[in-house]
Amino acid sequence: MHDNLIILAGGASSRMKKEAIVENLTKEEIAQANERSKGLIGVGPNGRPLMDYLLLNAKRAGYKNIYIIIGEQEIYLRLFMVIKTRIMIFMV
C-alpha cells in the first residue's frame, strides 16, 4: 500500500445542482446540494460533511499523506479543511 492519497475535489458539482424530482430528500438536503461543494454536503444521521467521512476512512486505511486538489473557487472547502485537519490543499 502507498502512503499517499490524492483526492480530486475541484469539480463544479454541476450534476448535483441540476433540478430533479426527488421525494426522499429534505429541503435542507436539496439546499445543500445547490449551495455547497460536494465534500461539504452533510450526510448520515448527524449531517457530517462527506469529506469528513472520506478523511476518517483514509486515516483508518493507513494513509499518511493526503492531498486534496480543489478549484480556486472552493474557499469554504479550504476553510473547512484548515480548521478540521492539517492536510495539504492544492488549488488547480
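Here the residue numbers are simple positions, counted from 1 along each chain's written sequence. Residue-level local features of this predicted model are given only where pLDDT is at least 70; pairs of side-chain atoms are given and counted only at 80 or more, and the full residue set underlies all totals for whole chains, interfaces and linings. Hydrogens and waters are ignored; side-chain quantities use all the structure's heavy atoms.

A. The overall build of the protein, seen in detail. Here a helix means four or more residues in a row that DSSP labels H or I, a strand means two or more in a row labelled E, and each is numbered from the N terminus. Broken down by element type, the protein carries 3 helices and 5 strands. Each of the 92 residues in the protein was classed as buried or not, and the buried ones make up 28%. Note on definitions: a residue-residue contact is assigned when non-hydrogen atoms from the two residues lie within 4.5 Å. In the protein, of all internal contacts separated by at least 6 residues, the share reaching a separation of at least 24 is 47%. Summed over all atoms, the accessible surface of the protein reaches about 7,000 Å², with 56% contributed by carbon and sulfur. Exposure categories follow from relative accessible area, calculated using a 1.4 Å probe and restricted to protein chains: below 20% of the type maximum is buried, above 50% is exposed, and the middle band is partly exposed. Here the open area of atoms and residues is found with the Shrake-Rupley method and a 1.4 Å probe, where only the protein chains shown may cover a residue.

B. Representation of the pairing of strand 1 (residues 4-8) in the model. Only one face of strand 1 is buried: it carries Leu5 and Ile7, and the other face, with Asn4, Ile6 and Leu8, is open. Relative to strand 4 (residues 65-70), strand 1 runs parallel, the two being bridged by 5 bridges. What sits directly across from leucine 5, in strand 4, is isoleucine 66. Strands are treated as partners if at least two bridges between them are detected by DSSP.

C. The nonpolar core, seen in detail. Counting residues in each nonpolar core, the largest one holds 9 residues, listed as Leu5, Ile7, Ala9, Met51, Leu55, Ala58, Ile66, Ile68 and Ile70. Contributing elements (two or more residues each) for this core: strand 1, helix 2 (50-60) and strand 4. We call a set of buried Ala, Val, Leu, Ile, Met, Phe, Trp, Tyr and Cys residues a nonpolar core when their side-chain atoms join them within 4.5 Å.

D. Spatial organisation of the packing of aromatic side chains. Put simply, two rings from Phe, Tyr or Trp (the six-membered ring, in Trp's case) pair if the centres are within 6.5 Å, and we call them stacked under 30 degrees between planes, edge-to-face over 60, tilted for the rest. A complete count under the given rule lists 0 aromatic pairs for this structure. Counting as a charge over the ring demands two things of the Lys NZ or Arg CZ atom: a distance within 6 Å of the ring centre and an angle within 35 degrees of the ring normal. Sitting above the plane of the tyrosine 53 ring, arginine 48 keeps its charged end 4.4 Å from the centroid.

E. Local environment of the environment of alanine 9. Among the secondary structure elements, alanine 9 is positioned in the loop between strand 1 and helix 1 (27-35). You can call alanine 9 buried: its relative accessible area is 17%.

F. Local environment of helix 2. Turning to helix 2, its buried residues are Met51, Asp52, Leu55 and Ala58. Here the buried residues of helix 2 occupy an arc of 130° about the axis, which is enough to place them on one side. Trailing helix 2 by a residue or two, glycine 62 shows a phi angle of about 100°, which is positive. It is the directions from the helix axis to the C-beta atoms whose arc is reported.

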